[in-house]
Amino acid sequence: MLLTTANTQPAVAQRVGMRPGAADLSNYVGGDQCALCHADVQEVFQKNPHYKTWNDTELDWSQRGCEACHGPGREHIEAGGDATLIFNFKNISPQETSDRCLSCHLGQEDQANFLRSDHGANTVSCLECHSIHNPKVRSPLLVADQPALCYTCHAEVKPEFNKPFHHKIHEGLMDCSDCHNQHGGFNASQLRDATGNDYACYTCHADKQGPFVFEHVPIKVEGCQLCHSPHGSNYPRMLKRPEVHLLCLDCHSDTVGVLGPRTPSFHNMGVASYRQCTICHVNIHGSNLNHLFFE
């Protein structure tokens, strides 16, 4: 097969920031040469966000089109398509696969912590979730829709979203990745942002964030999950207890060592009106007006 070298002008290559060295540059042939044999792959690849690198002359040849992932193609082509002379993702470990992807994506904010993520630490490769050539979800090139894709590993979470009170994942109003950064972060359960686990909650529930003049201390110390089950619950407002007063009494009781102040003596928990704490303590997440969180 006749090859046209994609980089016959080393001076131009160096001027746009490509790697120096004519020997290295001469091994790259450009995506058009790949398409002569792999036209079907190119047709799909044209709809891929990575395709924007195909003819980007500002990039090094090692960062363009097919060869950005599969490496220089000259020897592969000259040998009649020998798969051992190209970077073949079918024959490498999950770690090597991810390393290949991260050679470009590690510098991006969302993927910057992948190596320290739960997925990265457990050698989950990028291609277990993403497909570059045949994605089912065009953006971000997923092999399946959320949450079905997530359930392939996290099946234990699925029943929680079937509870009467739950976040609207199955209804299609939210995705798992709205709260979790699947590529890793600094928080437990790979929750988004580095400012604390509750940031994901405040993205939608901004009115609960504060800061408030009178803070409800447990919320600042323990966070939303002290009272709420984040995926789903059998109780209204996704609370962890069937009745509000039971949740409050976890802290506000006569038990020695509990941080919260005990309930006043006139709060008779045998009377139904006293078992709905938030009827009076309306702004239980925090208040700017009253230290007892009255309205």
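Below you will find a few notes about this structure. (Residues numbered from 1 in each chain as written. Predicted model: local features only at pLDDT ≥ 70, side-chain atom pairs only at ≥ 80, totals over all residues. Heavy atoms only, no water.)

### Concerning the overall build of the protein
The number of helices and strands found in the protein is 13 helices and four strands. The burial tally for the protein puts 31% of its 295 residues in the buried class. Here the analysis covers contacts within the protein between residues at least 6 apart in sequence; of these, 45% occur between residues at least 24 apart. (Helix = DSSP H or I, 4+ residues; strand = E, 2+ residues; numbered from the N terminus. Buried < 20%, exposed > 50% of the residue type's maximum accessible area, 1.4 Å probe, protein only. Contact = heavy atoms within 4.5 Å.)

### Focus: the nonpolar core
Y151, V157, F161, I169, M174, C179, L191 and A200 form the largest nonpolar core, which has eight residues in total. Other than its neighbours up to four places away in sequence, Y151 contacts V157, K158, F161, I169 and H170. (Core = buried A, V, L, I, M, F, W, Y, C linked by side-chain atoms within 4.5 Å.)

### A short note on helix 7 (residues 94–105)
Along an α-helix, residues three or four positions apart point the same way, because every turn accommodates 3.6 residues. Taking 1.5 Å per residue as the helical rise, helix 7 with its 12 residues ought to reach 16 Å, and the 16 Å between its terminal C-alpha atoms agrees with that figure. Looking at helix 7, one finds that the buried residues are T97, S98, C101 and L102. Projected onto a plane normal to the axis of helix 7, the buried residues spread over an arc of 125° and lie on a single side. (Expected span 1.5 Å × (residues − 1). Arc of directions from axis to C-beta.)

### Re empty space enclosed by the protein
All chains considered together, the criterion is met by one cavity of 30 Å³ or more. The space that makes up the largest cavity amounts to roughly 50 Å³. The element that contributes the greatest number of residues to the lining of the largest cavity is helix 7, accounting for three residues. Its residues assigned to classes, the lining of the largest cavity comprises four nonpolar, five polar and no charged. (1 Å grid on protein atoms, 1.4 Å probe; cavity = no way out; pocket = protein on both sides within 12 Å on 5 of 7 lines; lining within 4 Å. Points joined across faces, edges and corners; volume = space filled by probe spheres on them. Nonpolar A, V, L, I, M, F, W, Y, C, P; charged D, E, K, R; others polar.)

### Describing the packing of aromatic side chains
Tallying each qualifying case throughout the model produces five aromatic pairs. Consider the rings of F45 and Y51, whose centres lie 5.9 Å apart with planes at 80°: the pair is edge-to-face. Taken together, a centroid distance of 5.1 Å and an interplanar angle of 75° make the contact between F87 and F89 edge-to-face. On the basis of relative accessibility, which here comes to 23%, the residue F87 falls in the partly exposed class. (Phe/Tyr/Trp six-rings, centres within 6.5 Å; stacked < 30°, edge-to-face > 60°.)

### Description of the pattern of salt bridges
What the rule picks out here adds up to five salt bridges. Of the charged contacts, one joins K208 and D207 as a salt bridge, the two residues approaching to 2.7 Å between their closest N and O atoms. On the basis of relative accessible area, K208 is assigned to the partly exposed category, the value being 28%. Between D250 and R241 there is a salt bridge, and its shortest N-O distance comes to 3.0 Å. What makes D250 partly exposed here is its relative accessible area of 39%. Overall, R241 belongs to the partly exposed group, its relative accessible area being 35%. (Salt bridge = Lys/Arg side-chain N within 4 Å of Asp/Glu carboxyl O.)

Taken by themselves, the reported measurements are silent on function.
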